[in-house]
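Secondary and tertiary structure notes
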Amino acid sequence: METIYTWYGHATHGLRVGEHKILIDPYFTGNPAATTTAEKVEADYILITHGHNDHIADAPSIAERTGALCISNAEISTWLRNKGLKVHGQHIGGGHKYPFGYLKLTPAMHGSRLPDGSDGGNPAGFLLTTPDNKKIYIAGDTGLFGDMALIGDEGLDLAVIPIGDNYTMGPDDALRAVKLLRPKSVIPVHYNTWELIAQDPNAWKARVEAETETQVFVLKPGDTFSL
Ligand code: NI
Ligand code: MN
């Protein structure tokens, strides 16, 4: 079974697991890095890490158009259900088996207030185990935390982590995160969308590959990575 990761720019991700199309943190409208639009992108499932606009902006409209099942924490799931959308609520530490694999919510050190001021609960990351046992960790927006080592104990094939600084880990802490997560491959995200989070991903790649066994894949928005 082939799993294909797509970076849509910023922290918007696609995963195709077999025939299942998963969209994570859809932010196309107003995203200067986006390479497609909320009107065109396909989704069977929409996963949302936290309530900030640059992660949830287009989730309601895409879910309405596609009929996708929205998966998030209990608070965000309720907020989406109240808009008439299909949801499955989970919470941190809890996993659930879907046709595309076993999805667990992981902790994230961040905020989660929704665009209209509603309480978005606690922010999360996602740990997906595909039906053929590939492990993919999408950190979401987070600072460095020591329990990344526990996530790393799962044996990660791919980690997708922020390096932009200011709102999330910057390059130094993201390098420390790689040392805790020990993934086979890592893809940096949440940088260069705006001047405030400008980073040099190739300089970061050189540091990570000099100090760890992990391979860094620097993607351009729209690029894919196959597992
Ligand atoms: Ni955020
Ligand atoms: Mn963000």
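First things first, this report covers the structure right here in the doc.

1. Quick notes on the overall build of the protein
A tally of regular secondary structure across the protein gives 6 helices and 14 strands. A globule of 227 residues ought to have a C-alpha radius of gyration of about 17 Å, and the protein, at 16 Å, matches this closely. Seen through its principal axes, the protein has C-alpha atoms that stretch 50 × 40 × 30 Å. In the protein, which comprises 227 residues, the share counted as buried stands at 53%. Within the protein, counting contacts between residues at least 6 apart in sequence, those at least 24 apart form 57% of the total. Roughly 9,400 Å² of accessible area belongs to the protein as shown, and the carbon and sulfur atoms make up 48% of that amount. Averaged over its 19 positive side-chain charges, the protein has a centre that lies 5 Å from the centre of its 27 negative ones.

2. What to know about the sheet that holds strand 7 (residues 95–98)
Read from one edge of the open sheet, 7 strands run 7-8-9-10-11-12-13, paired in mixed fashion. Of all the strands in the sheet, just strand 7 and strand 13 (215–216) have a single pairing partner and so form its edges. As paired strands, strand 9 (residues 124–129) and strand 10 (residues 135–138) are joined by 4 bridges and run antiparallel to one another. Across the sheet, residue phenylalanine 126 finds its bridge partner in strand 10, namely isoleucine 138. Strands in contact with helix 5 (residues 171–181) are strand 10, strand 11 (158–162) and strand 12 (185–189); relative to strand 11, the strand with the most contacts, it is inclined by about 155 degrees.

3. Regarding a nonpolar patch on the surface
A cluster of nonpolar side chains, contributed by Tyr167, Trp194 and Leu196, occupies part of the molecular surface with about 300 Å² of accessible area. By the secondary structure assignment, tryptophan 194 is in the loop between strand 12 and helix 6 (201–211). Take tryptophan 194: its relative accessible area is 31%, and that puts it in the partly exposed class.

4. Observations regarding the coordination of the nickel ion (ligand 1)
On the protein side, the nickel ion (ligand 1) has His50 (NE2), His52 (ND1), His110 (NE2) and Asp141 (OD) as donor atoms, found 2.2 to 2.3 Å from it. Bound by 4 donor atoms, the nickel ion (ligand 1) shows angles of 88 to 175 degrees at the metal and therefore irregular coordination geometry. Sequence positions of the residues that donate to the nickel ion (ligand 1) give the spacing H-x1-H-x57-H-x30-D. Taken as an interatomic distance, the gap from the nickel ion (ligand 1) to the manganese ion (ligand 2) is 3.2 Å; aspartate 141 donates to each of them.

Calculation notes
- Residues numbered from 1 in each chain as written.
- Chains lettered and ligands numbered in written order.
- Predicted model: local features only at pLDDT ≥ 70, side-chain atom pairs only at ≥ 80, totals over all residues.
- Heavy atoms only, no water.
- Helix = DSSP H or I, 4+ residues; strand = E, 2+ residues; numbered from the N terminus.
- Rg over C-alpha atoms; globule rule 2.2 N^0.38 Å.
- Buried < 20%, exposed > 50% of the residue type's maximum accessible area, 1.4 Å probe, protein only.
- Contact = heavy atoms within 4.5 Å.
- Areas by Shrake-Rupley, 256 points an atom, 1.4 Å probe, with all protein chains shown as cover.
- Lys, Arg positive; Asp, Glu negative; His and termini not counted.
- Charge placed at Lys NZ, Arg CZ, Asp CG, Glu CD.
- Pairing = 2+ DSSP bridges.
- Axes fitted to C-alpha atoms, helices over the stretch in contact; angles between N-to-C directions.
- Patch = residues over 30% accessible without salt bridge, like charges linked within 9 Å, V, L, I, M, F, W, Y side chains within 5 Å.
- Salt bridge = Lys/Arg side-chain N within 4 Å of Asp/Glu carboxyl O.
- Donors = N, O, S within 2.8 Å, 3.2 Å for Na, K, Ca; no water.
- Tetrahedral: all angles 85-135°; square planar, octahedral: opposite > 155°, others 65-115°.

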